[in-house]
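The primary structure of each chain is shown beneath.
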Amino acid sequence: MEAQFDMDDFTKVIVSENDISRKLDALSEQIRSDYEGKDLLLVGVLKGAVMVMADLARRMPPTVQMDWMAVSSYGSGTKSSGVVRILKDLDADLTGRHVLIVEDIIDTGITLHWLLGNLRSRGAASVEVASLLRKPDAVQVDVPVKYLGFDIPNEFVVGYGLDYAESYRTLPFVAILKPSVYED
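Residues numbered from 1 in each chain as written. Predicted model: local features only at pLDDT ≥ 70, side-chain atom pairs only at ≥ 80, totals over all residues. Heavy atoms only, no water.

Chemist: So what exactly am I meant to see when it comes to helix H1 (residues 17–34) here?
Modeler: The periodicity of an α-helix, 3.6 residues per turn, causes residues three or four positions apart to be oriented the same way. A rise of 1.5 Å per residue sets the reference length of H1, with its 18 residues, at 26 Å; its end C-alpha atoms lie 26 Å apart and thus fit the reference within 8%. Here H1 has its buried residues at Ile20, Leu24, Leu27, Ser28 and Ile31. Angular distribution of buried residues about the axis of H1 spans 105°; they occupy a single face of the element. Away from the buried face of H1 by more than 90 degrees, exposed residues Asn18, Arg22, Glu29 and Ser33 are located. (Helix = DSSP H or I, 4+ residues; strand = E, 2+ residues; numbered from the N terminus. Expected span 1.5 Å × (residues − 1). Buried < 20%, exposed > 50% of the residue type's maximum accessible area, 1.4 Å probe, protein only. Arc of directions from axis to C-beta.)

Chemist: Explain the packing of H1 against helix H2 (residues 50–57) to me, please; I cannot follow it from the model alone.
Modeler: In a pair of packed helices, the angle between the axes and the distance between the axes together describe the arrangement. The interhelical angle for the contact between H1 and H2, taken along N-to-C directions, is 60°, at an axis separation of 10 Å. As far as their axial angle goes, H2 and H1 are oblique. Handedness of the crossing formed by H1 with H2: right-handed. Contacts between H1 and H2 involve Leu24, Ser28 and Ile31 from the first element and Val52, Asp55 and Leu56 from the second. A class-by-class count of the residues in the contact of H1 with H2 yields 4 nonpolar, 1 polar and 1 charged. (Axes fitted to C-alpha atoms, helices over the stretch in contact; angles between N-to-C directions. Parallel < 35°, antiparallel > 145°, perpendicular 65-115°, else oblique. Left-handed = near helix turned anticlockwise from the far one by under 90°. Contact = heavy atoms within 4.5 Å. Nonpolar A, V, L, I, M, F, W, Y, C, P; charged D, E, K, R; others polar.)

Chemist: Please clarify how the environment of Pro179 should be interpreted in this entry.
Modeler: Within the element layout of this structure, Pro179 appears in helix H4 (residues 179–182). Sequence separation between Pro179 and Asp9 is 170 residues, and the spatial gap between their C-alpha atoms is 8.8 Å.

Quick look at the structure:
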């Protein structure tokens, strides 16, 4: 059964389901090659990275492990507050492991910059970033991204894990949300 979507809430789809799949194929091939024979831990950043993490992990060897962390600088709004809070910490010990942070989107870079420093301080052999999306025009703190899917415009987007007020995460594509949906 195929899901049906009411497209009235979006101005346009900017990354299609097929584009996401093709990009994850390419990124996973590069990641597998780069980490062959290494103890790789994928760290998904909740909640947004759930879709990216699941689809990327399915493309990895079965020995790759996953863990989850929830950090936030948003609260319930549409703009970053700049204050990072840990909502759920990792279960895994990072000592000597190669860590790949899996993100849905890099917006300001504030949260990711903080997270990179935090995870590096835990004794990981390496800490790198894979992100499906990045908004170059919104970046306030430059962070190195080893594996990047797409650069997108500085618009409020939803879908493929990204939400507005916990809605729209399950869309199989990324779309620009009409301002009339989230502006009062």
